[in-house]
Amino acid sequence: MAMSVGGGDEDAPMSDINTTPLVDVMLVMLIIFLITIPAIVQTVKVKLPDVRYMPTETKPENVSLSIMADTGGNCLVYWGETRVTHEELLKRSTDKLKEIVDKAGGADKLTTDDLPEAHIRGDVNTPYRCIGGAIYTMQQAGFAKVGFISQPPAPTAAS
């Protein structure tokens, strides 16, 4: 049996890369990550809701709020198409509920299904403090149902 060891020039630099140490390091890192990731990621098991698009059933007595922020970070709240302040929002929503209760002949004659809902459309760049403030105001006024209006997901090629 014969073995070829290359050229006769023994002073030439070795041009082959030794990949064994690289593979060894990568395998050790893989084992470390496989062991440590489950130990680091600890969460409470929660069943998350399935996201589905459900068309909103709008009743004439429902309140439509649009919320956005200007360039200075100030919250802009619109009741329909009319801009309102926090105080005006509280007064208008309280007056609307009082009108509905009076029309029904008292609060004991109404159920939560008979009461109007507040539908909030929040701009994607709006800080949560603006939207949270509107939710708090509507709940403070007595609105039992406060929901969000969102953009349905764009249809994909698969669906």
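Residues numbered from 1 in each chain as written. Predicted model: local features only at pLDDT ≥ 70, side-chain atom pairs only at ≥ 80, totals over all residues. Heavy atoms only, no water.

Caption draft 1: Examining the nonpolar core more closely. Leu-65, Ile-67, Leu-89, Met-138 and Phe-143 are the most contacted members of the largest nonpolar core, which totals 20 residues. Broken down by secondary-structure element, the contributors of at least two residues to this core are strand 1 (63-69), strand 2 (75-79), helix 2 (86-104), strand 4 (118-122) and helix 3 (128-141). By residue number, the principal contributor to this core is helix 3, which donates six residues. (Core = buried A, V, L, I, M, F, W, Y, C linked by side-chain atoms within 4.5 Å. Buried < 20%, exposed > 50% of the residue type's maximum accessible area, 1.4 Å probe, protein only. Helix = DSSP H or I, 4+ residues; strand = E, 2+ residues; numbered from the N terminus.)

Caption draft 2: Summary view of the state of the cysteines. For the structure shown, the criterion picks out one disulfide. Two residues, Cys-75 and Cys-130, share a disulfide whose sulfurs are 1.9 Å apart. Every disulfide takes its handedness from the sign of the S-S torsion; for Cys-75 and Cys-130 that torsion is -75°, giving left-handed. Taken as a pair, Cys-75 in strand 2 and Cys-130 in helix 3 lie far apart in primary sequence, 55 residues in all. When its relative accessible area of 30% is taken as the criterion, Cys-75 is described as partly exposed. (Disulfide = S-S within 2.5 Å.)

Caption draft 3: Inspection of the layout of surface pockets at higher detail. The volume enclosed by the second largest pocket comes to roughly 220 Å³. If you go around the second largest pocket, the residues you meet are Arg-121, Gly-122, Asp-123, Val-124, Ile-131, Phe-148, Ile-149, Ser-150 and Gln-151. When the residues that make up the lining of the second largest pocket are grouped by side-chain class, the tally is four nonpolar, three polar and two charged. (1 Å grid on protein atoms, 1.4 Å probe; cavity = no way out; pocket = protein on both sides within 12 Å on 5 of 7 lines; lining within 4 Å. Points joined across faces, edges and corners; volume = space filled by probe spheres on them. Nonpolar A, V, L, I, M, F, W, Y, C, P; charged D, E, K, R; others polar.)

Caption draft 4: Highlighting the pattern of salt bridges. Following the criterion strictly, the structure yields one salt bridge and no others. For Asp-95, the salt bridge identified is with Lys-91, shortest N-O distance 2.9 Å. Pair noted here: Asp-95 and Lys-91 are both in helix 2, with a separation of four residues, about one helical turn. Taking relative accessible area as the criterion, Lys-91 reaches 54% and is therefore assigned exposed. (Salt bridge = Lys/Arg side-chain N within 4 Å of Asp/Glu carboxyl O.)

Caption draft 5: Summary view of the sheet that holds strand 4. Taken together, the five strands give an open sheet; going across it, the order is 3-2-1-4-5, and neighbouring strands pair in mixed fashion. At either end of the open sheet lies a strand with only one pairing partner, and these are strand 3 (82-84) and strand 5 (146-148). Shown here is a sheet whose adjacent strand axes are inclined to one another by a mean of 30°, direction ignored. Contacting strand 1, strand 2 and strand 3, helix 2 crosses the sheet at an angle of about 110° to strand 3. (Pairing = 2+ DSSP bridges. Axes fitted to C-alpha atoms, helices over the stretch in contact; angles between N-to-C directions. Contact = heavy atoms within 4.5 Å.)

Caption draft 6: Expanded view of the pairing of strand 1. In the sheet, strand 1 pairs with strand 4 via five bridges, with the strands oriented parallel. Considered in strand 4, the bridge of Ser-64 is made with His-119. The antiparallel hairpin formed by strand 1 and strand 2 contains five residues in its connecting segment, where Gly-73 sits at a positive phi of about 90°.

Caption draft 7: Looking closely at helix 2. If you check helix 2, its first and last C-alpha atoms are 27 Å apart, about what 19 residues at 1.5 Å a residue would give, namely 27 Å. When we look at burial in helix 2, the residues that qualify are Leu-89, Ser-93, Leu-97 and Ile-100. The arc that holds the buried residues of helix 2, viewed along the axis, is 60°, so those residues lie on one side. In helix 2, the exposed residues that point more than 90 degrees away from the buried face are Glu-87, Lys-91, Lys-98, Asp-102 and Lys-103. (Expected span 1.5 Å × (residues − 1). Arc of directions from axis to C-beta.)

Caption draft 8: Representation of a nonpolar patch on the surface within the structure. Where nonpolar side chains cluster on the molecular surface, the patch consists of Leu-22, Val-25, Met-26, Val-28, Met-29, Ile-32, Phe-33 and Ile-37 and spans about 750 Å² of accessible area. Judged by relative accessible area, Met-29 falls into the partly exposed class, the value being 38%. (Patch = residues over 30% accessible without salt bridge, like charges linked within 9 Å, V, L, I, M, F, W, Y side chains within 5 Å. Areas by Shrake-Rupley, 256 points an atom, 1.4 Å probe, with all protein chains shown as cover.)

Caption draft 9: How the structure looks around the side chain of Thr-126. Within the fold, Thr-126 resides in the loop between strand 4 and helix 3. At 3.4 Å, the side chain of Thr-126 forms a polar contact with the backbone oxygen of Ile-67. Among the polar contacts listed, one links the side chain of Thr-126 to the backbone oxygen of Asp-123, at a separation of 3.1 Å. Setting aside residues up to four positions removed in sequence, Thr-126 forms contacts with Ile-67, Met-68, Ala-69 and Ile-131. (Polar contact = N/O pair within 3.5 Å; in protein donor to acceptor, adjacent residues only side chain to side chain.)

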